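Breakdown of the fold
If you want the building blocks of each chain, they are given just below.
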Amino acid sequence: MSRYTEAACKLCRREGTKLFLKGTRCLTEKCAVERRPYAPGQHGPTGGSNRGRKASEYSKQLREKQKVKRIYGLSEQQFRNTFEDASASRA
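Residues numbered from 1 in each chain as written. Predicted model: local features only at pLDDT ≥ 70, side-chain atom pairs only at ≥ 80, totals over all residues. Heavy atoms only, no water.

A short note on the overall build of the protein chain
Across its full length, the protein chain holds four helices and zero strands. Put simply, the protein chain runs from its N terminus to its C terminus through helices and strands in the order α-α-α-α. Of all 91 residues assigned to the protein chain, the portion counted as buried reaches 20%. Across the protein chain, contacts joining residues at least 24 apart in sequence account for 35% of those joining residues at least 6 apart. Of the accessible surface of the protein chain, which amounts to about 7400 Å², a share of 51% is contributed by carbon and sulfur atoms. Charged side chains in the protein chain number 21 positive and 9 negative. The centres of these two groups are separated by 7 Å. (Helix = DSSP H or I, 4+ residues; strand = E, 2+ residues; numbered from the N terminus. Buried < 20%, exposed > 50% of the residue type's maximum accessible area, 1.4 Å probe, protein only. Contact = heavy atoms within 4.5 Å. Areas by Shrake-Rupley, 256 points an atom, 1.4 Å probe, with all protein chains shown as cover. Lys, Arg positive; Asp, Glu negative; His and termini not counted. Charge placed at Lys NZ, Arg CZ, Asp CG, Glu CD.)

Dropping the structure here:
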């Protein structure tokens, strides 16, 4: 099993919203999303999704899925199993 151990604020910046992975730090002015409101990486400030191109419906759904996975700290397989259990219990 693997777990994401890198910078948590990087995930918040990639999603473009506060995920509160650092707890109370996200409530202060030191929050990375407020300091640098662009995506991390070499092409963050100028490239990527903020180049004026409209996001497709698929990309919106994918970003929401990634956001939920990152909030709960799940891998893809764990997320898929949880989703299948929840959808089976509803039916």
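What to know about the pattern of salt bridges
All told, the structure shown has seven salt bridges when counted by the stated rule. With its nearest N and O atoms 2.5 Å apart, the salt bridge here joins R70 to E15. With R70 in helix α3 (residues 57–72) and E15 in helix α1 (residues 8–15), this pair connects stretches of sequence that are 55 residues apart. A salt bridge links K67 to E64; the nearest nitrogen and oxygen atoms lie 3.3 Å apart. In this pair, K67 and E64 are both assigned in helix α3, three residues apart and thus about one turn of the helix distant. You can call E64 partly exposed: its relative accessible area is 44%. If you follow the salt bridges from partner to partner, you end up with K65, K69, E76 and R80 in one network. (Salt bridge = Lys/Arg side-chain N within 4 Å of Asp/Glu carboxyl O.)

Some points on the nonpolar core
Counting five residues, the largest nonpolar core consists of C12, L19, C26, C31 and V33. Residues contacting L19, with those up to four places away along its chain left out, are L11, C12, K67, R70 and I71. (Core = buried A, V, L, I, M, F, W, Y, C linked by side-chain atoms within 4.5 Å.)

Focus: the packing of α1 against α3
One can describe the packing of α1 onto α3 by two numbers: an axis separation of 10 Å at closest approach and a directional angle of 160°. Considered as vectors, α1 and α3 are oriented roughly antiparallel to each other. Seen from above, α1 lies across α3 with left-handed handedness. Taking contact as the criterion, the partners of L11, R14 and E15 in α1 are, on α3, R63, Q66, K67 and R70. Of the residues assigned to the contact of α1 with α3, the class counts are one nonpolar, one polar and five charged. (Axes fitted to C-alpha atoms, helices over the stretch in contact; angles between N-to-C directions. Parallel < 35°, antiparallel > 145°, perpendicular 65-115°, else oblique. Left-handed = near helix turned anticlockwise from the far one by under 90°. Nonpolar A, V, L, I, M, F, W, Y, C, P; charged D, E, K, R; others polar.)

None of the figures reported here should be taken as evidence of function without further support.
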